[in-house]
There are 2 protein chains.
Amino acid sequence: MTPAPQWVKDLKPSGPQGSELLSAERAKSNISVEKLSNLLHTKEILERQDRLLKILQADKVFDKSQNYFDGRVDKFKTALARAKRLRQLQIKHNWSHDEYVAANDLVSEPGPYGLHASMYLTTLRDQGTPEQHKLFLEPAENYKAIGCYAQTELGHGSNVRGLETTATWNPEDKTFVLHSPHLTASKWWIGSMGRTANHAVVMAQLIINGRPYGPHPFVCQIRDMKTHLPLDGIHVGDIGPKFGYNTMDNGFLLLNKVKIPHVNMLARFSSVDPATGKYLKPSSPSLIYGTLTWVRSTIVLQSGGVLARGVTIATRYAAVRRQFQDRDAPAGSKGEDQVLNYTMVQYRLLPLLAATFALHFTGKAMMALYQDNQKMIMAAANPADSKRGAGPEQTHSGSDLLADLHATSCGLKALGSTTAAEGLEVCRRACGGHGYSSFGGIGAWYADYLPTTTWEGDNYMLTQQVARYLLKSARSVLKGNAPDNDTTRIFNTFLQKQDMGAAHDVLGSDTDLVAAFAWRTSFLTFEALKHRDVEKNSWNSLLVDFWRLSTAHSQYLVVKNFHDALQSESLRSEVDPETLDVLHKLFRLHALNTLEKEASEFYSSAAVTVRQIQLARTKAVMKLLEEVRPHALRLVDAWSFPDWQLDSSLGRKDGKVYEDLFHRASELNPLNGLTIDPYPDNDVLVKNDETAKFKSKL
Amino acid sequence: MTPAPQWVKDLKPSGPQGSELLSAERAKSNISVEKLSNLLHTKEILERQDRLLKILQADKVFDKSQNYFDGRVDKFKTALARAKRLRQLQIKHNWSHDEYVAANDLVSEPGPYGLHASMYLTTLRDQGTPEQHKLFLEPAENYKAIGCYAQTELGHGSNVRGLETTATWNPEDKTFVLHSPHLTASKWWIGSMGRTANHAVVMAQLIINGRPYGPHPFVCQIRDMKTHLPLDGIHVGDIGPKFGYNTMDNGFLLLNKVKIPHVNMLARFSSVDPATGKYLKPSSPSLIYGTLTWVRSTIVLQSGGVLARGVTIATRYAAVRRQFQDRDAPAGSKGEDQVLNYTMVQYRLLPLLAATFALHFTGKAMMALYQDNQKMIMAAANPADSKRGAGPEQTHSGSDLLADLHATSCGLKALGSTTAAEGLEVCRRACGGHGYSSFGGIGAWYADYLPTTTWEGDNYMLTQQVARYLLKSARSVLKGNAPDNDTTRIFNTFLQKQDMGAAHDVLGSDTDLVAAFAWRTSFLTFEALKHRDVEKNSWNSLLVDFWRLSTAHSQYLVVKNFHDALQSESLRSEVDPETLDVLHKLFRLHALNTLEKEASEFYSSAAVTVRQIQLARTKAVMKLLEEVRPHALRLVDAWSFPDWQLDSSLGRKDGKVYEDLFHRASELNPLNGLTIDPYPDNDVLVKNDETAKFKSKL
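Residues numbered from 1 in each chain as written. Chains lettered and ligands numbered in written order. Predicted model: local features only at pLDDT ≥ 70, side-chain atom pairs only at ≥ 80, totals over all residues. Heavy atoms only, no water.

By the naming in an unreviewed UniProt entry, chain A goes by Acyl-coenzyme A oxidase and is assigned to Venustampulla echinocandica. Its UniProt record, at the heading Sequence similarities (unreviewed entry), says of chain A: "Belongs to the acyl-CoA oxidase family." Of chain A, the UniProt comment under Subcellular location (unreviewed entry) reads exactly: "Peroxisome". (UniProt positions renumbered as here; feature names shortened; annotations may be inferred.)

Shown next, in the form of structure tokens:
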């Protein structure tokens, strides 16, 4: 590639400049970006972000300029170098775990230590005995041993009971033999296993005396600590490239009668008595149950921020990008219109902007609920009580709360991650052609996020858990022995008013708007209950109904939580009235837009009249779009993503979209180091290959 | 990577084997795959596919085993080698253009000659004079010159009128000066320009005597024919990596006062008199208008097949993959259920299977309509008539037909490509975790297809064209001066029955089902007309309504065309009664599922009663899923994708899913050639790097 000549360097985009357009946008609104940002993140976290950002940006290994160009092998090498440096920086700066995670978020790629730092350490900590902590956890915490968590198998995903890998107790020498009886038993998708880990927690079916005891965790060394080559009887490697997540080495593992000592079975909850070979039943699995709920709650909370990255990029670019004139523009008017002025673009983007806040406040509420409940459970749990499954059953109210929290976290995890994933793709397309460029920054982020819809419970599978809980609650309400909670309250309200009908005033009253969502959930629950209990339909035949029901219930929870957040004193004291007014408009936009998208269920449940939904669509939503639009730029600014994190030409805070796209294509793109021979009758491909120079310049 | 030891090679998946499961699936149905395949493709095309496939598979350059692993630069080099070989094979085997395209489809990647072989040659052919054919077209057809078509600019996508590049007529030396006045004038996204082309057709604003005449096409050499380096005043290169399409070198181009001779302005339709500098107006732009319609019709026809690739992969894998037991399964029953048995999976996949046929038959009908109309237009067109814009206006009926065809092609292009793109992603997710692996084969295909939703008219922009046409038709119906066509007929029917209401019997009658879709289109049209003509709402405020209207109209056309196809004698004579019955079920599934998904518009237009829609959902659709399910495997087999084309572990015709996933990960994956040092306190990354070996083995 010949370097750009001077006449190219002298070129500017035609006016008005992106920076001018964004300044003008920001001037349209008076809401305080700083206050809103503090509300979302807290001041402390924002300051921490600035501090970490400076450290990372100063380090050459975190230079992002070749991220979008690298192939799989280079991507992985770079990610490994960054993972090592992050760990070094953690020690140097004495970062807490939260700070380490925040630094990772700024780097914004899944790294090869990812599953070591999360699942491996957590599992050892939670499920190991003090002896095992000394033996396995300590070296792992000091990165003397690098581990991963090996559960999923080639032929077995969500259904843990179906795992094929076996761990057979051998009373003679007090060992377990780990074995993969079939190809489908190969561990698969195991993060950090492909190239990085030398240890794994392997979930395997425990077998004693020929009798199976279900899946249990075993620590197994898989690679030599010095040579890093696989040990005998171990076939391990990377499972290959994926739609995203290619900085991570998801791996496979086959075990051929690998012997491990008795101490390698993680024994805090259940164990095998080495003397007698007797199986000791697990105590207090509620703690694990709680962990899953915590992980799902985290996903809910993150989903708002995940989506906000895409919305930030698309909204900023829609304010810079101009195309066509308004068809009704007076004759002779000049220049093209900002894309953000088109109602079709507003209709695609602004409800997603509203959803980022809705999901964020819902996630906050979930986490608070989780922490309250966790305290209660911890107090009630008695580790000495070894009755299997005792945890969730131990006290009536504790059980109810946990069941409610479990169902809520399942439904909201599914709704939140689906909304974020699909919303990101809407944002990408709303950027038009340039959204397809890697430099847009949404595509890779979306591709890396997609697995969230599958892991920690497939989003479709999870909806069955929600339906099961709602059906159970409905049965208890009908029987009159229901606990008092929000779910049973909305069911009771529905049953009382069912005959009269509802006709909620969704346009005039916020509480009616929330109540309409509660009504729809209740209606669908009792419909499903009739199908199951009265008509005796098979569970399988009702899966689609259950999915609808779970979605409806989760949408109700999001609308309700958003509404509650806006009523809270703490929020009202943090932001000025104008910001509060805009947040209220976002609440109404989110709720009415959802109602309109799901209109048929609101019709058929008689929650709302046909006329009200028509008005919601043609008048209310369109009016709210117009009202929110002037604040769009400040609202995305409040999410406070540093440009370095977004790594997007289109989403630059300064609006220099075209300069940045051009710079990356013309100056950073290795393919431009390749001069080819274009003629088909000549088998020679390349006249000159200087692609490597782009990499070595860094 | 140590090679797999013998104990690994001896492993098989746990039973039942994928091959057994697929055989059992195929045995559940008696429909003739061969007859259905002939109906879709014709016997001749299928034989051609076999013939081409053998030639390609025998050639090492088309080996696909490293496709999913390569980075951008390697991807491009391989694609260039393949493009050259395809051209060599075309000459060797004397392939027609259709055969060349079919071979390309089997290779299944966008190649560096893509835009040369399509848009560059077509533009020269259609818009060049005989002199220009001799000068530019002949060397291009012989690949002595490689070209591209440079329209889109960095700051200008859909709006061609807004292009910034100028071509200024210079009367002194009878030349044009091509110039990029701003950075945003840089040509961008130009396929085959980045590294491959040495010529470009540049769309630029013609300026004579300081007066602008709008965008016109100019041939411009951009690289040296020998060195392949950019010529003076030219800054050209590749725009960088994209979400997909990375085998193609989409390029940018800046021009600094580049002088080209008079003959380089393509002059068949409009030109500049070299003697006087007078602008000669275009004649018969209807031909170009026709080309756009043809391109869009092709996209509609292809959308069925594009989607069918994803549906084939997901359906086959859903028959091999087993997970959980049915909750209502009798106690003690063993083994897990095929995922395809779950209604939630059926509900996601089988309506898409129905859509592949619906789109295919619609595309066929579109192409037939196009060809009929084209004949008529060609007969009516008089190239000597130089009145600007004369083409579409020239005869009343010709104009009406063309307007109808134009609107139809716009709406169906938007609906077809959106359905295919979004459907592919549904298929990918329906494959669960393994759908995320590149070896699944859907991800890359989806990513490469995505730009279709943007090019040849952005799918949202196009809906305005449809709405404009429908509003115009509605006005003419109200005035009583409407031409007689399907659109005006359904409007008249609606106006006659509007007061009585409709209450179509969508469950009992196919014609009523089609009529319900027509009713909804008509209702939305007259609503929009009222908003625009009576309430005088701005065009911009109605864009969302127009998008809904266009979608509704296009869905009506697809349902109608599917229905018509099933009534046609030619179809009925080609397939046996059982196949016809299944196709009829697919028609009903497609129509009722669409109706249910769009239920609120069917409610609010009073096309169907609430009760009917509830029944459609809970009874009819679920029953149709159950009835179609036994035929699913044979139906996807009928699409006849060779395994080599699909390049998917999950979609293998023989069901050897797990063997293939494992083989690719363990034997073909270059990352497994990398042995790393895992410890963070050691800056060394790699102990041993044998990744290059994987490539060189080929």
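Overlaying chain A with chain B gives an RMSD of 0.0 Å, the required rotation being 180° about an axis along which the chain moves by 0.0 Å. Those values place the two copies in the arrangement expected of a two-fold rotation axis. It is A:Gly71 whose C-alpha, among those of chain A, lies nearest the rotation axis, at 1.8 Å. Comparing contact sets, 99% of the residues at the interface of chain A also lie at the interface in chain B, consistent with an isologous, same-surface contact. (Least-squares fit on C-alpha atoms with pLDDT ≥ 70 in both. Contact = heavy atoms within 4.5 Å.)

We now examine the interface of chain A and chain B. Taken together, the 151 residues of chain A in the interface contact 150 residues of chain B. The contact between chain A and chain B buries some 12,900 Å² in all, and 61% of this surface belongs to carbon and sulfur atoms. The tally of links between chain A and chain B comes to 10 salt bridges. Counting across the interface, chain A meets chain B through 66 residue pairs in polar contact (both at pLDDT 80 or more). A total of 10 residues in the side of chain A that touches chain B trace back to one element, the largest contributor, which is helix α5 (residues 72-93) of chain A. Each residue belonging to the side of chain A that touches chain B can be placed in one class, and the counts come to 68 nonpolar, 48 polar and 35 charged. (Buried area = accessible area lost by both parts, 1.4 Å probe. Salt bridge = Lys/Arg side-chain N within 4 Å of Asp/Glu carboxyl O. Polar contact = N/O pair within 3.5 Å; in protein donor to acceptor, adjacent residues only side chain to side chain. Helix = DSSP H or I, 4+ residues; strand = E, 2+ residues; numbered from the N terminus. Nonpolar A, V, L, I, M, F, W, Y, C, P; charged D, E, K, R; others polar.)

All right, on to the UniProt feature "domain: Rhodanese" (unreviewed entry) in chain A then. Under the feature "domain: Rhodanese" (unreviewed entry), the UniProt entry names residues 440-454 of chain A. Helix makes up 53% of residues 440-454 of chain A and strand 0%, whereas the separation of the span's terminal C-alpha atoms amounts to 25 Å.

Residues and elements named next belong to chain B. Throughout the structure, instances matching the rule amount to 49 aromatic pairs over all chains. Both rings, one in Phe494 and one in Phe526, keep their centres 5.8 Å apart while their planes meet at 10°; by these two values the pair is stacked. A residue pair is termed long-range when its members are at least 10 positions apart, and Phe494 in helix α15 (residues 486-497) and Phe526 in helix α16 (residues 510-534) qualify at 32 residues. There is no split in this pair, since Phe494 and Phe526 are both buried. (Phe/Tyr/Trp six-rings, centres within 6.5 Å; stacked < 30°, edge-to-face > 60°. Buried < 20%, exposed > 50% of the residue type's maximum accessible area, 1.4 Å probe, protein only.)

Pairs of packed helices are described in terms of their axes, by the angle between the two and the distance that separates them. Residue and element names in this part refer to chain A. Look at helix α14 (residues 459-479) against helix α16 (residues 510-534): their axes get within 9 Å of each other, and the N-to-C directions meet at 85°. As the angle between them shows, α14 and α16 are arranged roughly perpendicular. Here Leu470, Leu471, Ala474, Arg475 and Leu478 of α14 come into contact with α16, specifically with Thr521, Thr525, Phe526, Ala528, Leu529, Arg532 and Asp533. Taken together, the residues of the contact of α14 with α16 sort by class into 7 nonpolar, 2 polar and 3 charged. (Axes fitted to C-alpha atoms, helices over the stretch in contact; angles between N-to-C directions. Parallel < 35°, antiparallel > 145°, perpendicular 65-115°, else oblique.)

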